[in-house]
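Residue strings, one per chain:
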There are 2 protein chains.
Amino acid sequence: MRILIIGGGAAGGTAAQFARKTDRKADITMIDAEPYGQYSRCGLPYALRGDTTPEKLVEFGPEWFEKNGIEALYGLRVRNVDFSNKVVETEGKGQIEYDRLIIATGARPWKPPIEGMENEGVFFLRTLDDLNAVREWVGGRKKVIVVGAGLIGLESAESFVRLGMDVTVVEFLSYPLPTMIDEDMGREVKKILDRNGIKGYYSHEVIEMRGNPVRSTLIRNRENDSEIELEADIVVVSTGNSPNTEIFEGIEKGRKGHIRVNSRSETSYKDVFAAGDCTEYPDFVTGKHVPMGMGTMAVRQGMAAGTNAAGGSLEVRPFIGTRTTELFGVEIAGAGPTAHILKENNIDFVAGRFRGKDLPDYMDGRDISVRVLASREGRILGAQIMGRDASWRISMFAEAIMRGDTVQNLSMLETPYAPPIAPTVDPTSIACTMVSMRLRRRK
Amino acid sequence: MRILIIGGGAAGGTAAQFARKTDRKADITMIDAEPYGQYSRCGLPYALRGDTTPEKLVEFGPEWFEKNGIEALYGLRVRNVDFSNKVVETEGKGQIEYDRLIIATGARPWKPPIEGMENEGVFFLRTLDDLNAVREWVGGRKKVIVVGAGLIGLESAESFVRLGMDVTVVEFLSYPLPTMIDEDMGREVKKILDRNGIKGYYSHEVIEMRGNPVRSTLIRNRENDSEIELEADIVVVSTGNSPNTEIFEGIEKGRKGHIRVNSRSETSYKDVFAAGDCTEYPDFVTGKHVPMGMGTMAVRQGMAAGTNAAGGSLEVRPFIGTRTTELFGVEIAGAGPTAHILKENNIDFVAGRFRGKDLPDYMDGRDISVRVLASREGRILGAQIMGRDASWRISMFAEAIMRGDTVQNLSMLETPYAPPIAPTVDPTSIACTMVSMRLRRRK
């Protein structure tokens, strides 16, 4: 059995590991365009700020794969795949035959089609090479613009603040983290960014990078078309990704080019699996295929692809999009679709939001916000939380969504209670009760 | 409609609130033997160490009940109840008639039947009066013995350490927190206590309090019968509770005197409800009635009792015993029965425990232990976690237990992942995978 894996990131590397675990004798080869081994892309903003180092981000180096009998070919690119004859054509190392193929080529930053994108001082933050280039350029410079207020954008923005720089964020949509949370929660995130000295331009689009090396960025207000020129000696662009799937012809892909996979990480071709950021997979709540783009799913799909390619059996669960980040000490987490996505899919829902304290009144609690979205019958569709332990509070909602539980039930679940941990009736329970009362009134 | 509530603690006070919410016009009377209003017993150890104050522990004072049109009679005791004629006989204020009665009399500390228990310097920590007496006695004294290594015992022990005292804990069973966690987890709790200077005598029983005021405590090793005399100028006894239910004759009670209630908090008498520490209620996993003894359930049962007594409809969910504490900065949490309880109920199970880090390798993670118990089919019966965010990690298990989910499913759930929050594959997922593999091998 010859298993060939294209891509050595979280999905590909995990696939190689699980293929090896499943079949001790299989002939496993992994091709990676980068030279470093399997490293954490999500860790890049944290290495930027010095919470960890670029070296530590490498979770499994080339020697790990070698030791486990996996032939890892680094710095090698694939030109194309002949799916009928089961042959991969590389750029420079000839052809490689396979019995089972795993595609884990990931994604690359989407590049806004504007002038000046190639100028010096304009960066992405997707690879270790990007990280090193940014770190080198930063030295002594002061003014940074981050384009895109998504997860990686804002985590990077915080890193630049910690490096003592003046940070401005420009976001196309009207609030930060727009794919992660709804607008009312977004307003609270804005306040956190404001409080920590990050200037924000929302509903603004970038028009041009000026100067080479970059000296300023021209942005346009999408509401009134006014233009502003912002000074910058470094610009980091973080406006989403495009899947690396152009070379795979004939395989079933979605609207934006992501390879469609099922719960076994199988593609439309027999014996061809795919995993990670290059794929799309059905969302549990909407039923619609959505592009993957989270380490969480990359690893789980990699586990399934590797196991199944090697003759074992492992299924990924339906996608619910559990997601989290921490900005200036505040956790922001979610699971299930946002209101925007539910509307786009014509799914009727009721939402409620509770703002309270994370501890009993007699302890020194902090603010926490809980937003819950439920169907007309009370089935929990999504939740978003900001505050202490938001991430693991969300894990309870993730399990509830997956099991089809209702706001009525969850409002009465025994949540963990102790004075330094949480109140007897937690804000999560109260938010569920609010939605459940709203549903009763609607009937 | 005349609703009478006996007891003004978490269960009784909550019942009064929810009765008022449900019926704005009902005639509601609450009788409380103590004078303070509704206060948090769980907060007592935290007021002892100064994280909060005795005054702040009063969550709803007498004036709150008055303002909400609830007649609250403080410092009043009940002599007996004539359930057939619906009359309560008080000690000193004559008879009070009711249409609906809610019993929320709570519990009192169980007093070991040994010599010297009445001596000066021997305390319980169950009421505000107890707290004030302990605080007054402590002044200048140095050596404290805590009898009973349960939740309140250990939280108090930590408080005494923080007050700069020499602390010794004596526990009848072989490890700390024996009703909360299994022995392998208990060994790790021992290490935390050791590290923080608490001397522990496990499998030891207290024989005698010597001196009046107390000067020492005689304890016996239950394994080899040897006796040791430990010096002490204060002893706090925390060896469990007895329900205050003796005066309620004819009502259905359990083996230890707790009043049996159903999910509507109804007792065996029509129009009589009960809630909180004086009740017992079926455990979800074993099906057996178990004494309640947690604020979590007291509040939820109070909500149901108050709502249903006033003509509304609210059900408590089956009991799963979500529980948590924090000792010297480490969270310890559980849900579902311990191994001991499962064995006692002849429920076949497989357990697995995983020790790992709470963050990705490249971040500065801390130790976390996760223990999972599952049925032969993989259904999750219980979980215990020690480490960062243990409490809210447990909430995911609480929901999984309630929804009959399996280790196979939970091992693949998308858990929250971000570098400063948790690894891509969380220790909770790995523990589930371990149990699931063990089950496969057993087949």
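Residues numbered from 1 in each chain as written. Chains lettered and ligands numbered in written order. Predicted model: local features only at pLDDT ≥ 70, side-chain atom pairs only at ≥ 80, totals over all residues. Heavy atoms only, no water.

Examining the pairing of strand S16 (residues 216–221) of chain A
All names here are of chain A.
Okay, step 1: The buried count for S16 comes to 5 of 6 residues, which makes it a mostly enclosed element.
Okay, step 2: Counting the residues between successive antiparallel strands, the hairpin from strand S15 (residues 204–210) to S16 contains 5 residues, one of them, Gly211, with a positive phi of roughly 85°.
Okay, step 3: Bridge count between S16 and strand S17 (residues 227–231): 5 bridges; the pairing is antiparallel. Its bridge partner lying in S17, Arg220 is registered against Glu227.
Okay, step 4: The hairpin turn running from S16 into S17, its antiparallel successor, is 5 residues long, and Asp225 in that turn takes a positive phi close to 65°. (Buried < 20%, exposed > 50% of the residue type's maximum accessible area, 1.4 Å probe, protein only. Helix = DSSP H or I, 4+ residues; strand = E, 2+ residues; numbered from the N terminus. Pairing = 2+ DSSP bridges.)

With respect to the sheet that holds strand S2 (residues 27–32) of chain A
Backbone-to-backbone hydrogen bonds join strands into a sheet, with any given pair of strands oriented parallel or antiparallel.
Residue and element names in this part refer to chain A.
Okay, step 1: Read across the open sheet, the 5 strands follow the order S5-S2-S1-S9-S21; overall the sheet is parallel. Across the chains shown, the open sheet's two edge strands, defined by having one partner strand only, are strand S5 (70–74) and strand S21 (272–274). Across the sheet, the axes of successive neighbouring strands diverge by a mean angle of 15°, strand direction being ignored.
Okay, step 2: Bridge count for S2 against S5 is 5 bridges, and the pairing is parallel. (Axes fitted to C-alpha atoms, helices over the stretch in contact; angles between N-to-C directions.)

Here we look at the packing of aromatic side chains
Working definition: an aromatic ring pair is given by the centre-to-centre distance plus the angle between the planes.
Okay, step 1: Per the stated rule, a full pass over the model turns up 10 aromatic pairs over all chains.
Okay, step 2: Within the aromatic cluster, the residues linked to one another by ring pairs are Phe60(A), Trp64(A) and Phe65(A).
Okay, step 3: The ring of Phe18(B) has Lys21(B) sitting right over it, with the charged end atom 4.4 Å from the ring centre.
Okay, step 4: Geometry around Phe172(B) places Arg222(B) over its ring, the cationic atom sitting 3.6 Å from the centre. (Phe/Tyr/Trp six-rings, centres within 6.5 Å; stacked < 30°, edge-to-face > 60°. Lys NZ or Arg CZ within 6 Å of the ring centre and 35° of its normal.)

A closer look at the side chain of Arg371(B)
Residues and elements named next belong to chain B.
Okay, step 1: Within the fold, Arg371 resides in strand S27 (residues 367–374).
Okay, step 2: Among the polar contacts listed, one links the side chain of Arg371 to the side chain of Asp182, at a separation of 2.7 Å.
Okay, step 3: Excluding residues that lie within four positions of it along the chain, Arg371 makes contacts with Asp182, Asp184, Met185, Ala339, Ala351, Gly352, Arg353, Gly382, Ala383 and Gln384. (Polar contact = N/O pair within 3.5 Å; in protein donor to acceptor, adjacent residues only side chain to side chain. Contact = heavy atoms within 4.5 Å.)

Observations concerning the interface of chain A and chain B
When the parts of a complex come together, some accessible area is lost, and that lost area is often taken as the interface size.
Okay, step 1: Contact with chain A, which involves 61 residues of that partner, is made by 61 residues of chain B.
Okay, step 2: Both sides together, the interface formed by chain A and chain B hides about 5500 Å², and carbon and sulfur atoms give 63% of it.
Okay, step 3: Joining chain A to chain B, the criterion identifies 4 salt bridges.
Okay, step 4: Across the chain A-chain B interface, the total number found is 21 residue pairs in polar contact (both at pLDDT 80 or more).
Okay, step 5: Secondary structure elements with two or more residues in the side of chain A that touches chain B: helix H3 (54–57), helix H8 (295–309), strand S24 (323–327), helix H10 (390–402), helix H11 (407–410) and helix H12 (427–442) of chain A.
Okay, step 6: Here the side of chain A that touches chain B gets 9 residues from one element, more than from any other, and that element is H10(A). (Buried area = accessible area lost by both parts, 1.4 Å probe. Salt bridge = Lys/Arg side-chain N within 4 Å of Asp/Glu carboxyl O.)

Quick word on the packing of helix H1 (residues 10–22) of chain B against helix H8 (residues 295–309) of chain B
Residue and element names in this part refer to chain B.
Okay, step 1: At a minimum axis distance of 7 Å, the contact between H1 and H8 shows a crossing angle of 35°. When the axes of H1 and H8 are compared, the crossing they make is right-handed. Only Ala298, Val299, Gly302, Met303, Gly306 and Thr307 of H8 make contact with H1, whose side of the interface consists of Ala10, Ala11, Thr14, Ala15, Phe18, Ala19 and Thr22.
Okay, step 2: Looking at the contact of H1 with H8 residue by residue, the classes come out as 8 nonpolar, 5 polar and no charged. (Left-handed = near helix turned anticlockwise from the far one by under 90°. Nonpolar A, V, L, I, M, F, W, Y, C, P; charged D, E, K, R; others polar.)

Considerations on the domain arrangement of chain A
Residue and element names in this part refer to chain A.
Okay, step 1: Taken as a whole, chain A is organised into domain 1 (2–108 + 241–309), domain 2 (122–237) and domain 3 (323–438).
Okay, step 2: The C-alpha centroid of domain 3 is placed 29 Å from the C-alpha centroid of domain 2.
Okay, step 3: On the side of domain 3, 20 residues touch domain 2, which itself brings 19 residues to the contact.
Okay, step 4: Together, Met180, Asp182 and Met185 form the three largest contributors to the area buried by domain 2 at its contact with domain 3, with a combined 34%.
Okay, step 5: Taken together, the connections running from domain 2 to domain 3 amount to 5 salt bridges.
Okay, step 6: As a salt-bridge pair, Glu188 and Arg355 come within 3.9 Å of each other at their nearest N and O atoms.
Okay, step 7: Counting only elements with at least two residues in the side of domain 2 that touches domain 3, the list comes to helix H6 (151–162) and helix H7 (183–195). (Domains from an automatic or database assignment.)

Some details on the pattern of salt bridges
Okay, step 1: Counted under the stated rule, the structure contains 64 salt bridges over all chains.
Okay, step 2: In this structure, the salt-bridge partner of Asp51(A) is Arg162(A), at a minimum N-O distance of 3.5 Å. Here Arg162(A) lies in helix H6 and Asp51(A) lies in the loop between helix H2 (44–48) and H3, a separation of 111 residues in the sequence.
Okay, step 3: Salt-bridge contacts for Asp405(B) lead to Arg317(A); the nearest nitrogen and oxygen are separated by 3.6 Å. With Asp405(B) in the loop between helix H10 (390–402) and helix H11 (407–410) and Arg317(A) in the loop between H8 and S24, the pair connects residues from two separate chains. Accessibility assignment for this pair places Asp405(B) and Arg317(A) in one class, buried.
Okay, step 4: Ionic contacts of the salt-bridge type, sharing partners, join the residues Asp182(A), Asp184(A), Glu188(A), Arg353(A), Arg355(A) and Arg371(A) into one network.

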